[in-house]
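Spelled out, the chains give:
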Amino acid sequence: MTMLDKADGQIITENVRLVHAVGMHARPAVKLTKLAKKFQAQISVRVAGAAEWINAKSVAKIMAMRAAHGSTIEIKASGSDAQAAVAALVNLIATDFPDEAS
(Lines give C-alpha, C1' and ligand atoms only; values in the text may rest on other atoms or scores of the structure.)
Protein backbone atom coordinates (compact mmCIF):
# COMPACT_ATOMS: atom_id res chain seq x y z
CA MET A 1 0.00 0.00 0.00
CA THR A 2 1.34 3.41 -0.91
CA MET A 3 0.52 6.82 0.54
CA LEU A 4 1.64 8.54 -2.64
CA ASP A 5 -0.65 10.54 -4.88
CA LYS A 6 -0.45 9.07 -8.36
CA ALA A 7 -1.78 12.25 -10.04
CA ASP A 8 1.64 13.82 -10.46
CA GLY A 9 3.36 10.49 -10.97
CA GLN A 10 6.83 11.67 -10.03
CA ILE A 11 8.43 10.49 -6.81
CA ILE A 12 11.52 12.34 -5.60
CA THR A 13 13.80 10.38 -3.25
CA GLU A 14 17.01 11.46 -1.57
CA ASN A 15 19.19 10.33 1.34
CA VAL A 16 20.92 12.51 3.94
CA ARG A 17 23.11 11.73 6.94
CA LEU A 18 21.76 12.76 10.34
CA VAL A 19 24.57 14.84 11.85
CA HIS A 20 22.68 16.09 14.91
CA ALA A 21 24.65 14.99 17.99
CA VAL A 22 21.74 13.38 19.82
CA GLY A 23 19.82 12.15 16.80
CA MET A 24 16.19 12.90 15.99
CA HIS A 25 14.84 14.11 19.34
CA ALA A 26 12.08 16.68 19.99
CA ARG A 27 13.68 19.89 18.70
CA PRO A 28 14.83 18.60 15.30
CA ALA A 29 11.61 16.56 14.92
CA VAL A 30 9.51 19.71 15.40
CA LYS A 31 11.67 21.65 12.93
CA LEU A 32 11.42 18.87 10.36
CA THR A 33 7.62 18.57 10.61
CA LYS A 34 7.10 22.37 10.57
CA LEU A 35 9.12 22.59 7.38
CA ALA A 36 7.37 19.57 5.83
CA LYS A 37 3.95 21.15 6.50
CA LYS A 38 4.89 24.16 4.33
CA PHE A 39 4.69 21.92 1.26
CA GLN A 40 1.67 20.43 -0.51
CA ALA A 41 3.60 17.26 -1.37
CA GLN A 42 3.09 13.94 0.38
CA ILE A 43 6.39 13.54 2.25
CA SER A 44 7.64 10.40 3.95
CA VAL A 45 10.87 9.62 5.79
CA ARG A 46 12.59 6.59 7.27
CA VAL A 47 15.91 5.49 8.63
CA ALA A 48 17.70 3.74 5.75
CA GLY A 49 16.73 0.09 5.63
CA ALA A 50 13.63 0.44 7.82
CA ALA A 51 10.53 -1.33 6.56
CA GLU A 52 8.05 1.49 7.12
CA TRP A 53 7.89 5.00 5.71
CA ILE A 54 6.77 7.63 8.22
CA ASN A 55 4.64 10.70 7.53
CA ALA A 56 7.08 13.64 7.72
CA LYS A 57 4.26 15.90 8.92
CA SER A 58 3.72 13.97 12.20
CA VAL A 59 5.97 15.05 15.10
CA ALA A 60 5.09 12.00 17.20
CA LYS A 61 5.92 9.59 14.38
CA ILE A 62 9.19 11.36 13.54
CA MET A 63 10.27 11.19 17.20
CA ALA A 64 9.19 7.53 17.41
CA MET A 65 11.48 6.80 14.45
CA ARG A 66 14.38 7.10 16.95
CA ALA A 67 16.94 7.99 14.29
CA ALA A 68 20.41 7.94 15.84
CA HIS A 69 23.31 10.32 15.19
CA GLY A 70 25.09 9.27 12.02
CA SER A 71 22.18 7.30 10.59
CA THR A 72 21.06 7.84 7.02
CA ILE A 73 17.61 9.34 6.58
CA GLU A 74 15.70 8.56 3.39
CA ILE A 75 13.21 11.18 2.25
CA LYS A 76 10.64 10.69 -0.49
CA ALA A 77 7.94 12.99 -1.74
CA SER A 78 5.35 13.16 -4.49
CA GLY A 79 3.25 16.05 -5.71
CA SER A 80 3.69 19.39 -7.44
CA ASP A 81 6.33 20.71 -5.02
CA ALA A 82 8.00 17.38 -4.20
CA GLN A 83 11.41 18.44 -5.56
CA ALA A 84 11.45 21.61 -3.43
CA ALA A 85 10.21 19.73 -0.36
CA VAL A 86 12.92 17.07 -0.55
CA ALA A 87 15.63 19.67 -1.20
CA ALA A 88 14.50 21.77 1.78
CA LEU A 89 14.36 18.80 4.16
CA VAL A 90 17.74 17.44 3.02
CA ASN A 91 19.24 20.89 3.59
CA LEU A 92 17.63 21.18 7.05
CA ILE A 93 19.03 17.81 8.17
CA ALA A 94 22.45 18.27 6.50
CA THR A 95 22.96 21.66 8.16
CA ASP A 96 22.06 20.26 11.62
CA PHE A 97 18.67 21.99 12.05
CA PRO A 98 19.88 25.59 12.33
CA ASP A 99 17.72 28.13 14.15
CA GLU A 100 15.96 30.41 11.71
CA ALA A 101 17.48 33.83 11.35
CA SER A 102 15.33 36.39 13.14
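See above for the structure.
Residues numbered from 1 in each chain as written. Predicted model: local features only at pLDDT ≥ 70, side-chain atom pairs only at ≥ 80, totals over all residues. Heavy atoms only, no water.

Among the secondary structure elements, G79 is positioned in the loop between β4 (72-78) and α3 (82-94). You can call G79 buried: its relative accessible area is 16%. Taking the C-alpha atoms as reference points, G79 and F39, separated by 40 residues in sequence, lie 9.2 Å from one another. (Helix = DSSP H or I, 4+ residues; strand = E, 2+ residues; numbered from the N terminus. Buried < 20%, exposed > 50% of the residue type's maximum accessible area, 1.4 Å probe, protein only.)

Two elements in contact, helix α1 (residues 26-36) and α3, have axes separated by 10 Å at closest approach and are oriented at 160°. If you check the angle between α1 and α3, you find them roughly antiparallel. α1 and α3 meet at a crossing whose hand is right-handed. In contact with K31, L32, L35 and A36 of α1, α3 contributes A88, L89, L92 and I93. (Axes fitted to C-alpha atoms, helices over the stretch in contact; angles between N-to-C directions. Parallel < 35°, antiparallel > 145°, perpendicular 65-115°, else oblique. Left-handed = near helix turned anticlockwise from the far one by under 90°. Contact = heavy atoms within 4.5 Å.)

Quick look at the pairing of strand β2 (residues 42-47) now. Where β2 and β4 come together, six bridges link them in antiparallel fashion. What sits directly across from Q42, in β4, is S78. Of the strand pairs in this sheet, β2 and strand β3 (residues 54-55) are connected by two bridges, and their pairing is antiparallel. Among the inter-strand pairings, V45 is bridged to a residue of β3, identified as I54. (Pairing = 2+ DSSP bridges.)

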